[in-house]
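Given next are the chains, with one letter for each unit.
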Amino acid sequence: MRKQNAVHNAAWIIACKLLQSLLQLLVGMLSARYLGPSGYGLLSYAAALTAFGIPLMQLGLNAVLVQEYVRAPEEEGSIRGTALTLSGLSALLCMAGISLFAAIAHRGDADVIWVCVLSCIGLLFQSFENLQYCFQAKLLSKYTSLSALLGYLLVSGYKIYLLATGKSIRWFALTHAVEYGSAGIFMLLACRKLRFRRAVWSFPVARRLLATGRHYIPTALFIAAINSIPGILLKLLSTQQEAGFYAAALTGSIVLQFVYAAVMDSLRPGILALRNNNITQYRQRISSLFGGFFYISLVQCVVFTLCSPWIIRLLYGAAYMPAAAVLRLIIWQTPFSLMGWVRDLWLLSEEKHPLSWRLHLFGALTNLILNLYLIPRWGACGAAITAVITQLAGNLITCYT
């Protein structure tokens, strides 16, 4: 019965994510063409700065909440209310820190400062994402998928309005706040419709969540560094246009990532439950997930490598054609990145928290050193090569040392 629920759950996630991805492609393509490589690069830079605040806003709770709901279903209301409160307060502090950094680092450049400040507002609304883990634990992800889809429908309408009226780049910086805010409201309505237990604050639950989640904050920070350093250094050490080319190639490379995410989100609760109930089946599930992700993504890499010029021209137009070479390189990080997803799930289920941050620290340091060396020489292509080496070293080589 649980297996049927997992399949049904995954089908809902994939269907909604497919529609969302199609919208994202269409509206993102129009926005990128409208803004041009330079404007698109500035938005990517602001998003990279904001990404450093996400792990601090999440407080590691995103890694442990499903497990908490599975272990203590009777405390559902306390877990949900406490997690939302902790993340909301942390988001406000992160917004203040990012805004202060942008004001100091880019003093005199009003556009950069405003884009960074407006972009980080999304952190406050992104804290509502904690709600999705309660639905995941109950195998009710169709509600979170529908909420995300409805949120993206609203933000797509917002972006189309900006394009039609010729608004400035500052308005585009608010899109994440509109998207996450809308999705959060829809998830809250779903909680009420399904009669979830009332969300309440609990000091004992807060201590327990923070005690477990703190192990994942360094890990998330190092992951954020791996993802954000290229966008930041490309603007500081190369050009804003190169940052735009890299962002376009990266977006193209992860266009099918929602399929892998849907499978992972649907299987995670069952795998965590099997760890204590059926160790043999648990190991088989981990092994099957690992192998399935790896071999399917290899096929994707070959197709994207051969078709990269057509993919970039279709998505972004002739102005972004230099991004084709970047896509041809960066797509090869996909198999190793997915291996890291499965490894992190195994680390969570085995409660090997300290090992996780050490592995990601190695990846972050590798990423920083290689980007400092390669970006001034090869620009966005150097950042793409670094991404592949980082994922290979952090998610494969370190597992055998």
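These remarks concern the structure in this document. Since the model is a prediction, treat every value here as computed from it, not as a measurement.

Overview of the environment of Trp332
- As for its position among the elements, Trp332 is in the loop between helix H15 (323-330) and helix H16 (334-349).
- Spatially, the C-alpha atoms of Trp332 and Thr305 are 8.5 Å apart, while their sequence positions differ by 27 residues.
- Here Trp332 is in contact with Leu298, Cys301, Val302, Thr305 and Val388, once residues within four sequence places are set aside.
- A polar contact of 2.8 Å, which involves the side chain of Trp332, links it to the side chain of Thr305.

Regarding the pattern of salt bridges
- Evaluated as defined, the whole model comprises six salt bridges.
- Across the pair Asp344 and Arg343 runs a salt bridge whose closest N-O atoms are separated by 3.2 Å.
- One network of salt bridges, in which partners are shared, links Glu68, Glu75 and Arg208.

Comments concerning the environment of Tyr373
- By secondary structure assignment, the location of Tyr373 is in helix H17 (residues 353-395).
- What makes Tyr373 partly exposed here is its relative accessible area of 47%.
- Taking the C-alpha atoms as reference points, Tyr373 and Tyr161, 212 residues apart in sequence, are found 41 Å from one another.

With respect to the nonpolar core
- In terms of nonpolar packing, the biggest core is built from 38 residues, with Leu61, Leu65, Tyr69, Leu289, Phe293 and Leu345 touching the most fellow members.
- If we skip the residues at most four places from it in the chain, Tyr69 touches Glu76, Ile79, Arg80, Tyr133, Cys134 and Ala137.
- Grouped together as the second largest cluster of nonpolar side chains are 34 residues, Tyr40, Leu234, Cys301 and Ala380 included.

Looking at the packing of helix H12 (residues 240-253) against H15
- For the pair H12 and H15, the least separation of the axes is 8 Å and the interaxial angle reads 45°. If you check the angle between H12 and H15, you find them oblique. For the pair H12 and H15, the sense of crossing is right-handed. Residues Phe245, Tyr246, Ala248, Ala249, Leu250, Gly252 and Ser253 of H12 lie in contact with H15, whose contacting residues are Ala323, Val326, Leu327 and Ile330.
- A breakdown of the residues in the contact of H12 with H15 according to their chemical character gives nine nonpolar, two polar and no charged.

Rules used in this analysis
- By convention here, each chain's residues receive numbers from 1 onward along its written sequence.
- Local features in this predicted model are restricted to residues whose pLDDT is 70 or higher, and side-chain atom pairs enter the listing and the counts only when it is 80 or higher, whereas totals over whole chains, interfaces and linings include all residues.
- The side-chain quantities take in all heavy atoms of the structure and omit both hydrogens and water.
- Think of it this way: any DSSP run of H or I at least four residues long counts as a helix, any run of E at least two long counts as a strand, and we number them from the N terminus.
- We call two residues in contact when some of their heavy atoms are within 4.5 Å.
- In the analysis that follows, any N or O atom pair within 3.5 Å is treated as a polar contact, provided that within protein one partner can donate a hydrogen and the other can accept it, and provided that, for residues neighboring in sequence, both atoms belong to side chains.
- Whenever a carboxyl oxygen of Asp or Glu lies within 4 Å of a side-chain nitrogen of Lys or Arg, that contact is scored as a salt bridge.
- Throughout, exposure labels follow a simple rule: accessible area from a 1.4 Å probe, protein chains only, divided by the maximum for the residue type, with under 20% read as buried, over 50% as exposed, and the rest as partly exposed.
- We call a set of buried Ala, Val, Leu, Ile, Met, Phe, Trp, Tyr and Cys residues a nonpolar core when their side-chain atoms join them within 4.5 Å.
- Where helices are involved, their axes are fitted lines through C-alpha atoms of the stretch in contact, as for all axes, and angles between N-to-C directions lie from 0 to 180°.
- With respect to orientation, any angle under 35 degrees is reported as roughly parallel, any angle over 145 as roughly antiparallel, any angle of 65 to 115 as roughly perpendicular, and every other angle as oblique.
- The handedness criterion is simple: a crossing whose near helix is rotated anticlockwise from the far helix by less than a right angle is left-handed, and one whose near helix is rotated clockwise is right-handed.
- Each residue gets one label: Ala, Val, Leu, Ile, Met, Phe, Trp, Tyr, Cys and Pro are nonpolar, Asp, Glu, Lys and Arg are charged, and the others, such as Gly, are polar.

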